[in-house]
Amino acid sequence: MTHPAQATASVASIAYRPRADATLELALAGPWTLQYPRPSLAEVVGRLEAEPKPQRIAFRSDQVTVWDSGLLTFLTAIKTACAERQIGVDPAGLPEGARKLIDLAAAVPEKAGARREQTREPFLARVGRWAQRGAAGFGDSVAFIGASAISFGRLFVGKAQFRASDLALVLQEVGAQALPIVSLISFLVGVILAFVGALQLQLFGAQIFVANLVAIGMTREMGAMMAAIIMAGRTGAAFAAQIGTMQVNEEVDALQTFGIEPIDFLVLPRMLALILMMPLLCLYAIFVGILGGAFVGIVMLDLSPIAYYQQTLAFLHVSDFAVGIFKAGVFGVIIALAGCMAGIQCGRNAAAVGQAATSAVVTSIVLIVVFDGLFAVLTSVLGI
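Computed from a predicted structure; not experimentally measured.

**Focus on the environment of T219**
Topologically, T219 is positioned in helix α7 (residues 210-248). Its relative accessible area of 0% is what places T219 among the buried residues. Each C-alpha atom, one on T219 and one on C282, is 8.4 Å from the other, the two residues being 63 residues apart in sequence. Setting aside anything within four residues of it in sequence, one finds T219 in contact with I286, L316, D320, F321 and G324. Among the polar contacts made by the side chain of T219, one reaches the main-chain carbonyl oxygen of A215 at a distance of 2.6 Å.

See below:
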């Protein structure tokens, strides 16, 4: 809000003119905008407390050249200071627009607690709040896992409420449609493993053992892990976004209204699909990774295809495949639970959907790495 006149001074000023009737007149002059320096409020408060103390203040603003919210903020602070000291305020000399805006601001009282306190919360309080949120999140996770287990129980007794067409569609999404990206990543992982091994084994003339390294690495570790990480970023995020969007659109509430259990209808098909397809994707990733290692061994290390094949076949055992496939099944459960739980617990706005997808991916990958480490220790202890 500005006066039509243009500013002719670069600093706002106040002239104090006492009157005989115990009134202190504040003569405002210059540009009263946020971009120009303004007088100190402490100076005005000092005048209000100086002897003889005024009983009332008035304003004169005919020398104000331009004004905006900077003037309104200053006048509001003066009005508050006068109210604390029981000094009357006569706003008649202010610009008409400023008087109306100040009256409008005073007409609606400020809501209690509306102003944000700038004090920093104590460290222990922040730790306690974080612990409370963590405990609440852990409780929600346990409740969701329990509900999913109950849903599996209903599946085995034939009482689960989901459509076979939904399961077939999810199987296609997490299976056949995931093959291109799984093929690319697995082949490159096999190539990387072969290169890493070749750099060291060539020093001893033992290039043929690259086949052993790639075979055991892909079968026991990298096949299941890389397939799981790919599915966490591709499928886990998709599950969270799909179910989260349904939460935003209140479709999950609609299912409950119709008497359909959302865990059965939404979570169970996705979990079944990943449990069924992850072992198959793991086997496929192992095969493609071994091909990637063979590519390096044959093209870069001058190994014969028959020798590479025989070395790989002689080194692998059924237990190696069993470990990888079991890991893949567990990783599938983790991805499905993390993705669906993030979607079910999603908020009711668009930003929450993105946060749910991010949470699903991060949680899945962290748990995959943790469980892979636990499996490595367990297989080592058991001698598998």
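Having seen the model, we can carry on.
**Brief notes about the sheet that holds strand β3 (residues 56-67)**
The strand order across the open sheet formed by four strands is β1-β2-β3-β4, and the pairing between neighbours is mixed. Of all the strands in the sheet, just β1 (13-18) and β4 (88-90) have a single pairing partner and so form its edges. On average, each strand axis in the sheet is tilted by 25 degrees relative to the strand beside it, whichever way the strands run. Where β3 meets β4, three bridges bridge the pair, whose relative direction is parallel. What sits directly across from R56, in β4, is G88. Sheet contacts for helix α1 (residues 41-49): β1, β2 (23-32) and β3; angle to β1, the most-contacted strand, approximately 5 degrees.

**Here we look at α1**
Along α1, the residues that are buried comprise V44, V45 and L48. Axial view of α1: buried residues confined to an arc of 100 degrees, hence all on one face. Buried residues along α1 sit in contact with β1, β2, β3 and α2 (69-84). Residue S40 occupies the N-cap position of α1, its side-chain oxygen lying 3.2 Å from the main-chain nitrogen of A42.

What counts, and where the lines are drawn
Residues numbered from 1 in each chain as written. Predicted model: local features only at pLDDT ≥ 70, side-chain atom pairs only at ≥ 80, totals over all residues. Heavy atoms only, no water. Helix = DSSP H or I, 4+ residues; strand = E, 2+ residues; numbered from the N terminus. Buried < 20%, exposed > 50% of the residue type's maximum accessible area, 1.4 Å probe, protein only. Contact = heavy atoms within 4.5 Å. Polar contact = N/O pair within 3.5 Å; in protein donor to acceptor, adjacent residues only side chain to side chain. Pairing = 2+ DSSP bridges. Axes fitted to C-alpha atoms, helices over the stretch in contact; angles between N-to-C directions. Arc of directions from axis to C-beta.

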